[in-house]
Amino acid sequence: MAARRLDPVMDASISQTCGSCGAALRPDDRFCPGCGTSLSASAVESTTGSPTAEESTALENELRDALAPTYVLVERIGVGGMGAVYLARQPALRRHVAVKVLSPELTAAPGSRARFEREAQAVAGLSHPNVLSIYGVGELPGGTPYFVMQHVGGKSLAAWIEEEGPLPAEEVRRIVGQVASALAAAHRQGIIHRDIKPANILHDEESGRVLVSDFGIAAVRPEGDGGDRTKLTQTGMAVGTPRYMSPEQLLTEQVTEKTDMYGLGLLGYELLAGNAPFTATTPHELIAQHLRDVPKPISEIRDDVDPELESIITTCLSKKPDQRPTSEEVSRRLEGTNVLLEWPPPGLEALHGQLPRLSRLYGAGGALVALATTWMLVLGQRMGALTGSMGSLALLLAALAGAATLAAAWFVSYRVARTMVRGVQRGFGWNTVLETAADRRLDTGLVIAGMREYAALAAHDRTTLRRWRLARELAWLAAAGLPVPLLLAMTWLGSWGVAGATAVPWVVLGPSVLLVIVGADLARRERRRVGDARRRFRRRAQRTESDAASLVEPWNAAFEAVRRGQDLGRGIAGRPVPGVAAAVVLMLGTFLSVVIVSPLWLVATIGPSVWQIATLQHANTIEKLQIAESTRPWAAAKDPSISPAEAGRAWYSVVSAGGDGVGRRGANPVPHPLPPWAPTEPGPFADPAAPTLSGFDPTTIIARARDPLTPAQRAHLAALADHPGWRYVATMARAPAADMVGAQFRIPFDDSIAWHNLPIPPIAGTKVMAYSAAGRIAHLLSAGRVLEAEQTARDVIGFGFAMADNGLTLIDVLLGVVIVGIGHLELQQVYEHTGNPEGRRIRLAREAAVAARDAAAASAESVEAAALTATWDPVIVRPDLMRIVRNGQLHRSLRTGTLATLGLAPCTNIRELLFGLGHDLASLFDDAERTLARFPSERAFIGLLREAPNRGFHDDPRLPDRHWATRITLGGARVAGFLLGNERLPGCVELMQSLGTALR
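Keep in mind that this is a model prediction, so the values were computed, not measured. Within any chain, residue numbers begin from 1 and follow the written order of that chain's sequence. The predicted origin of the model limits local features to residues at a pLDDT of at least 70 and limits the giving and counting of side-chain atom pairs to 80 or more, whereas totals for whole chains, interfaces and linings rest on all residues. Only hydrogens and water are set aside when side-chain values are computed; all heavy atoms of the structure are taken into account.

Undergrad: What am I meant to see in the overall build of the chain here?
TA: On a plain count of helices and strands, the chain comes out with 38 helices and 12 strands. Per-residue and other accessible areas follow the Shrake-Rupley method at a 1.4 Å probe size, with only the shown protein chains counted as cover for residues. When the accessible surface of the chain is totalled, it reaches about 48,000 Å², and 57% of it is carbon and sulfur. A helix here means a DSSP run of H or I that spans at least four residues, while a strand means a run of E at least two residues long, and both kinds are numbered starting from the N terminus.

Undergrad: How should I be thinking about the pattern of salt bridges in this particular structure?
TA: For side chains bearing opposite charge, pairing can occur when the charged atoms are close. Think of a salt bridge as a Lys or Arg side-chain nitrogen and an Asp or Glu carboxyl oxygen that are within 4 Å of each other. One pass over the structure, following the stated rule, counts 34 salt bridges. For R173, the salt bridge goes to D306, with nearest N and O atoms at 3.1 Å. With R173 in helix α4 (residues 169-188) and D306 in the loop between α7 (283-292) and α8 (307-316), this residue pair connects regions lying 133 residues apart in the sequence. Three labels apply to residues, based on accessible area from a 1.4 Å probe with only protein chains included: buried if under 20% of the type maximum, exposed if over 50%, partly exposed otherwise in between. Residue classification places R173 among the buried residues on the basis of a relative accessible area of 16%. Put simply, R324 and E248 hold a salt bridge, and the shortest N to O gap is 2.8 Å. Highlighted residues: R324 in the loop between α8 and α9 (327-334) and E248 in helix α5 (residues 247-250), separated in sequence by 76 residues.

Undergrad: Sorry if this is basic, but what is going on with the side chain of D443 here?
TA: Here D443 shows up in the loop between α12 (430-437) and α13 (444-449). Judged by its relative accessible area of 4%, D443 is buried. Setting aside chain neighbours within four positions, we find D443 in contact with E453, Y454 and R469. Contacts between residues were defined by any pair of non-hydrogen atoms, one from each residue, lying within 4.5 Å.

Undergrad: How should I be thinking about α4 in this particular structure?
TA: Given 3.6 residues per turn, any residue in an α-helix points the same way as the ones three and four places further on. Here α4 spans 28 Å end to end across 20 residues, near enough to the 28 Å set by a 1.5 Å rise per residue. For α4, the tally of buried residues reaches 18 of 20 residues, placing the bulk of the element in the interior. A positive phi of about 80° marks G190, the residue just after α4. Expected span, for any helix, means 1.5 Å times one less than how many residues it has.

Undergrad: Would you mind showing me how to read helix α6 (residues 257-273) here?
TA: The terminal C-alpha atoms of α6, which comprises 17 residues, lie 25 Å apart, in line with the 24 Å expected from a rise of 1.5 Å per residue. Residue G274 follows α6 closely and has a positive phi angle near 90°.

Undergrad: I'm lost on the sheet that holds strand β6 (residues 95-102) in this one. Help?
TA: Whether parallel or antiparallel, the strands of a sheet pair through hydrogen bonds between backbone atoms. Pairing in this open sheet of 5 strands is antiparallel, and the strands run β4-β5-β6-β8-β7 from one edge to the other. Taken across any chain shown, the strands that pair with only one partner, and hence form the sheet edges, are β4 (72-79) and β7 (134-139). For this sheet the average axis-to-axis angle between neighbouring strands, irrespective of direction, equals 25°. Here, a strand pair is defined by DSSP locating no fewer than two bridges between the strands. Two strands pair when backbone bridges link them, and β4 and strand β5 (residues 83-90) are joined in this way by 6 bridges, in the antiparallel orientation. Its bridge partner lying in β5, G78 is registered against V85. Whenever a helix is involved, its axis is fitted only over the stretch in contact; in every case the axis is a line through C-alpha atoms, and angles between N-to-C directions fall within 0 to 180 degrees. Running at roughly 135° to β4, helix α1 (residues 53-67) makes contact with β4, β5, β6 and β8 (145-150) of the sheet.

In structure tokens, the structure reads:
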């Protein structure tokens, strides 16, 4: 191709030279007139240089002033050989626009200015959804022209191919059809683009459409011309990009509308193959391929292209223009989208997406009514068990809520039906009306138009998708509306004896379940068909942070311009700390509220129940003590010379016989551990059929004292009678008072010790001692030592009363009563063995006590019975328990045991849980320390009872490992307690958990 001769008039416009051969270039050159090299940015050397920063700033300021107030300039987004492109915003319409400005140094060049103005004039006359629109033109004060055009938030097809490679066949079909539609509109206006290539086709990410841009070298057919082969360029002038130029362009022949069709064929081929059909490395080879070679068939490159699309592309690439199809033909054959569909249709806005709403209303209401009624029908007579309970109330409330929801659904149905009828009366078809109402995703209009993520779907696929949507919504609406009519039908059939109650759930719920499954399957099919396209679209459509940030400064400038001296400005910018801090405080406050409130709710809910279980341990204690009191006259006489400390140490020696429990945490060691009361092996008196703790049965062993004993039996009884522990039993039995707490623990208590996890001594040893006393008595009777035998039984009775009188827990009371009973039986056996009339007296006294107990239980006159039979409301039970503590006529152990139960009361009362003991409990504990505590150790023990919620359970080794849910709950309570500075909250949770486990 011969080098172009330059017009002397245009010399002033020459500003660039070819990087390969150095030939002079005009701004509108697309390839070098000397060597034919494609003029990319790397192949061009500017002879004038780029504008300086000051010049660019001055140009931007001029442009900003010229665009105001209609547009707000944002930033420069691109620079080309003809000038720069800026991003601007039109506040009135809340949209972005692009502003193209000719370079000031090219303004004086007639060719450059003419090309720049040609683009605006060519596009201004076109109104088509696939053509980049021109909104306005203007001129800066210095004469530099600019025009405002549509801004496309997406990439060019060239960038798309570079990133993703060949596009799907259906996507290419849609793109080629839309470009053909745009060219058809341009051709009808007599405009020939002459530079159709991927770089000039933009993809709009918001709508999914493609738009043809860069009409800068477009040719306009003179009016009145037939348009067949109109000569639109000067002889010897080739305009375009060599890689995408038609043969007639390369030969500088006349160009027609068919020239654009050749470019369209090249575009479609590259979109399908990933590269252009002709890829020679030198200009001359490239021109020869365009003029001579036939591209490789698309079907040999990929096998998923339909023959029609391949035929269109092949025909468009014909060397002879008259063999190529017109743009109208290609657009019609590929069904390009030429019209933007308004959705929802005008007048049907109120109907948009109403079927899913109806499905939700009918589904919620029908489910509540049907499930509640069906449950009642299935239960039948068993429903009586729910009468008057929360279950029946819940079913009733569910049915009422369902009826109210159905009433709302019927009201909405009436409005929807009325809107549908009006739409049909206006002229819309029923399919259109139903599709509008069934539009769950609010994008059916895009499906119909084949836009955005649905652009790659063929027409028949979009039709299938629309049918799926209609079927899915109708299925779900039917599933939601059927249960109640079917329920009515089943009740009607049941009243005629045709259907039974067991069939109701299957008939009422079965069809709805099947319809829900059908609708879910249709939704799954839609996701499989367009799921990938939706994900790609969302990724492409996401606005980057830089896009949002670029709008800040222009808006700030506009804000200051319109504020007009108002005192309230924008505030401090660039320092998000206050807002972030407020958000963090809000989130942290919400989180802490949940963390703190949850344990409080847990304690308030579970606390009364666990407290009830703990209080039940008082049951029948008074009655048992009253029966035991009948034996007190026969207890060992008191010895004032025995001190409380000495008696306490004697008691601890007895219960620790054998050494178990000695030296445990918080306990004082026993100075002289005793041997076990009973041997580990069965003794000579053991009865395998009726084993006892010590191998002795008091009812038989004492009676055998009259019979001859074997040497082994005599030796066994003699060893037992000489056990060193009997002197400790006698000391405890005859002491006026015993400091049992001081004998067990070091005072003051360690801060890590709570009342509930104080080590419990092996008190079973006391029962072994009581039973072993029968053997000692038998030995003494066989030896004729009757008074000593009687005194041993009295010591056992006295030991039991000493435990009941001096103990501070219910365990002490109950175990003391048991020991008194064993001693009573043994003493009665002694009297019967010796014929002493006291045996009848002790038996009658006990029988009288049992009769009195039965009479008191029948009349429910006892204080404890009244407290324990009351409603389990802490507000009611609490005063009754407090009266037990203040009743001086009751045993101290019962009173202190009840005080221990009241120590848990703050765990049932949120106010006391947060703020400490109420005045009534605080005064009760103060009185208890004055009236019940006799020794410093007992005052310290009552202090432990007062502080029970604060100390918790502290990992009691007697309890099994906590469940993971229990550990999580306790951990949350500890966190809440730490945040509140309240030890009672975690302590109560720990007490509730551990005490509940222990009581179970």
